[in-house]
Amino acid sequence: MIDIHTHILPGIDDGAADLDESLDLARAAVADGITGLIATPHHANGKYMNEAGFVRNQIEQLQATLAENQIPLQLYVGQEVRVHSDMFDAWNAAELATLAGSTYILLEMPSSTVPKRMLEYIHEFTIMGIRPIIAHPERNAEVVQNPDKLREMVEAGAYGQVTTHSILGGFGKQIERASWQLCRAGLIHTLSSDAHHVQKRGFRLHEAYVKVRNELGEEFERCYKLNAEAIIANRELLESPMETSSQKGKGWLKILNFFQK
Ligand SMILES: [Fe+2]
């Protein structure tokens, strides 16, 4: 399995506090069945700044330490970029990192509201050939109140990433309900852990995929898994299936088409 959103790098945000915690997370990832993960430290969220070049450097060091400790886990460069008005200046200054060198970028909204210019930002990125993935929209209060807010973003060219802990109830009932609602509406394209700490907020990726399969069916599970791999490989993402029977058929056709390519 591939995990596209994690905070495994030591001491640079609110994820792993030091190298020991990074190694604990890496071992836990392997135990969960994860073969590759993207390190996505917070960037420009008002508290942490982790520019692309710095993240690359950190990844190289941690990858070398994993090899020394015989932990078979491939790390990729990423960032969780807080949506802000200077994002495009930061992009031009090469401060932003896409996910694993692909054309996908992970964007984080504030937890209370959807930024006023969110659709403009998505549009701007898509014009540049960069495809925004919205980190855990199920944890944004405005999206929870009105899922059409996320629909507008998806229609503008963005994708949705749901978090394992959200769908497994770790953030409470309301976020759990919102997660499944967004999944069922076809507004979620991939699943990842947003892991910060082995005990407090670990991976639970295998468990979450099993839950997706049981709640929504195999086609959702396959879509989310294939899309995590597609991000690393910089391929087109599959559209999410939806729960209505006609859309379900459409989702399957897209998956079949994908394999026939
Ligand atoms: Fe995160």
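Peer 1: Teacher, can you tell me more about the sheet that holds strand β1 (residues 2-6) here?
Peer 2: Strand pairs in the sheet, formed through backbone hydrogen bonds, run parallel or antiparallel to each other. Overall, parallel pairing links the three strands, which are arranged β1-β2-β4 in an open sheet. A strand with exactly one partner marks an edge of an open sheet, and here the two such strands are β1 and β4 (74-77). Strand-to-strand twist across the sheet, computed as the mean angle between neighbouring axes with direction ignored, equals 25 degrees. Bridge count for β1 against strand β2 (residues 36-39) is three bridges, and the pairing is parallel.

Peer 1: Mind showing me how you'd approach the sheet that holds strand β9 (residues 190-192) here?
Peer 2: With respect to topology, six strands assemble into an open sheet ordered β3-β5-β6-β7-β8-β9, the strand pairing being parallel. Looking at strand neighbours, the two that pair on one side only are β3 (42-43) and β9, the edges of this open sheet. Here three bridges tie strand β7 (residues 131-135) to strand β8 (residues 159-163), and the two strands are oriented parallel to one another. Counterpart to Ala135 in the pairing with β8 is Gln161.

Peer 1: Looking at this structure, I do not really get the packing of helix α8 (residues 173-184) against helix α9 (residues 205-216). What am I missing?
Peer 2: Any two packed helices are characterised by the angle at which their axes cross and by the distance between the axes. Where α8 contacts α9, the axes come no closer than 12 Å and their chain directions differ by 65 degrees. In this structure, the crossing between α8 and α9 has a hand that is right-handed. Between α8 and α9, the contacting residues are Glu176, Trp180, Cys183 and Arg184 on the first element and Lys211, Val212, Glu215 and Leu216 on the second. Of the residues contributing to the contact of α8 with α9, the split by class is four nonpolar, no polar and four charged.

Peer 1: Sorry if this is basic, but what is going on with the coordination of the iron ion here?
Peer 2: Geometrically, a metal with four donors at the corners of a regular tetrahedron has ideal angles of 109.5 degrees, and one with six donors at the corners of a regular octahedron has ideal angles of 90 or 180 degrees. Taken together, the protein donors to the iron ion comprise His5 (NE2), His7 (NE2), Glu80 (OE) and Asp194 (OD), at separations of 2.1 to 2.2 Å. Of note is the iron ion, whose four donor atoms meet at the metal with angles of 84 to 171 degrees in an arrangement that counts as irregular. Along the chain, the residues that donate to the iron ion are spaced as H-x1-H-x72-E-x113-D. Since its relative accessible area comes to 1%, His7 is described here as buried.

Peer 1: What is the right way to read the side chain of His136 from this model?
Peer 2: Among the secondary structure elements, His136 is positioned in the loop between β7 and α5 (141-145). A polar contact is formed between the side chain of His136 and the side chain of Asp194, at a distance of 3.5 Å. When near neighbours in sequence (up to four residues on either side) are disregarded, His136 contacts His5, Glu80, Glu108, Gln161, Thr163 and Asp194.

Peer 1: How should I be thinking about the pattern of salt bridges in this particular structure?
Peer 2: It is possible for side chains of opposite charge to pair when their charged atoms get near one another. The tally for this structure, following the rule as stated, stands at 13 salt bridges. Glu176 is paired through a salt bridge with Lys173; the nearest N and O atoms lie 3.3 Å apart. Of the two residues, Glu176 and Lys173 both sit in helix α8, three residues apart, roughly one turn of that helix. A salt bridge links Glu243 to Arg184, with the nearest nitrogen and oxygen atoms 3.1 Å apart. Here Glu243 is found in the loop between α10 (218-233) and α11 (245-260), whereas its partner Arg184 is found in helix α8, with 59 residues between them in sequence. A residue is classified by how much of its surface remains accessible, and Glu243, at 35% relative accessible area, is partly exposed. Taken together, the shared-partner salt bridges in this structure form one network comprising Arg139, Asp194 and Arg201.

Peer 1: Looking at this structure, how should I read the nonpolar core?
Peer 2: Across soluble globular proteins, nonpolar side chains show a tendency to be buried alongside one another. Core analysis: the biggest nonpolar cluster contains 62 residues, and Leu73, Met118, Met153, Leu191 and Tyr224 have the highest contact counts within it. If we ignore the near neighbours within four places in the chain, the residues touching Met153 are Met109, Val114, Met118, Leu119, Ile122, Ile134, Val143 and Ala158. Residues Ile38, Tyr104, Ala135 and Leu237 belong to the second largest nonpolar core, which totals 14 residues.

Peer 1: I keep staring at the side chain of Asp32 and nothing clicks. Help me out?
Peer 2: Note that Asp32 resides in helix α1 (residues 19-32). Within the structure, Asp32 has its side chain in polar contact with the backbone nitrogen of His206 (distance 3.4 Å). Not counting the four nearest positions on each side in its chain, Asp32 is found in contact with Met1, Phe203, Arg204, Leu205 and His206.

Peer 1: What exactly am I supposed to notice about the packing of aromatic side chains here?
Peer 2: In this description, a pair of aromatic rings is defined by centroid distance and the angle of the planes. This structure, assessed with the given rule, holds five aromatic pairs. Ring centres of Phe88 and Phe125 lie 4.7 Å apart, and the angle between their planes is 45 degrees; on these two criteria the pair is classed as tilted. Within this pair, whereas Phe88 is found in helix α3 (residues 87-92), its partner Phe125 is found in helix α4 (residues 118-127), the two being separated by 37 residues in sequence. Phe125 shares its class with Phe88; the two are buried. Centroid distance Tyr104 to Tyr159: 6.1 Å. Interplanar angle 70 degrees. Geometry classified as edge-to-face. Note that Tyr104 is positioned in strand β6 (residues 104-108) and Tyr159 in strand β8, a separation of 55 residues in sequence. Given a relative accessible area of 0%, Tyr104 falls into the buried group. Classification of Tyr159 as buried rests on a relative accessible area of 15%. An aromatic cluster is built from Phe88, Trp91, Tyr121 and Phe125, whose rings are joined through pairwise contacts. Stacked on the ring of Phe171, the Lys or Arg Arg139 has its end atom at 4.1 Å from the ring centre. The aromatic ring of Tyr209 is capped on one face by Lys225, whose charged end is 4.8 Å from the ring centroid.

Rules and cut-offs
In this numbering scheme, every chain counts its residues from 1 along its sequence in written order. Residues qualify for local features only when their pLDDT is at least 70, as the model is predicted, and side-chain atom pairs are given and counted only at 80 or more; totals for whole chains, interfaces and linings, by contrast, use all residues. Note that the side-chain values use all heavy atoms of the structure and ignore hydrogens as well as water. Strand pairing is assigned whenever DSSP detects at least two bridges linking the two strands. Numbering of helices and strands starts at the N terminus; helices are DSSP runs of H or I of at least 4 residues and strands are runs of E of at least 2. Axes here refer to lines fitted to C-alpha atoms; in helices the fit is confined to the stretch in contact. Angles between the N-to-C directions go from 0 to 180 degrees. The sense of a crossing depends on the near helix, which, turned anticlockwise from the far helix by less than a right angle, makes the crossing left-handed and, turned clockwise, makes it right-handed. Contact criterion: two residues are considered in contact whenever any of their non-hydrogen atoms come within 4.5 Å of each other. Ten residues, namely Ala, Val, Leu, Ile, Met, Phe, Trp, Tyr, Cys and Pro, are considered nonpolar, four, namely Asp, Glu, Lys and Arg, are considered charged, and the remaining ones, Gly among them, are considered polar. Only nitrogen, oxygen and sulfur atoms qualify as donors, and only when within 2.8 Å of the metal (3.2 Å in the case of Na, K and Ca); with water excluded, sites may look incomplete. Irregular is the label for any site that misses the other tests, which are tetrahedral for four donors with all angles between 85 and 135 degrees, and square planar for four donors or octahedral for six when opposite donors exceed 155 degrees and the remaining angles lie between 65 and 115. The cut-offs for exposure are 20% and 50% of the maximum accessible area for each residue type, with area from a 1.4 Å probe on protein chains only; residues under the lower value are buried, those over the upper are exposed, and the others partly exposed. Polar contact is defined as a pair of N or O atoms within 3.5 Å, subject to the rule that within protein one atom must be able to donate a hydrogen and the other to accept it, and that residues adjacent in sequence are counted only when both atoms are side-chain atoms. Salt bridge, as applied in this entry: a Lys or Arg side-chain nitrogen positioned within 4 Å of an Asp or Glu carboxyl oxygen. As used in this record, nonpolar core signifies buried Ala, Val, Leu, Ile, Met, Phe, Trp, Tyr and Cys residues forming a set joined through side-chain atoms within 4.5 Å. Here a Phe, Tyr or Trp ring, Trp counted by its six-membered ring, pairs with any other such ring whose centre lies within 6.5 Å, and the pair is stacked when the planes are under 30 degrees apart, edge-to-face when over 60, and tilted otherwise. Consider the ring centre and the ring normal. A charge sits over the ring if Lys NZ or Arg CZ is within 6 Å of that centre and within 35 degrees of that normal.

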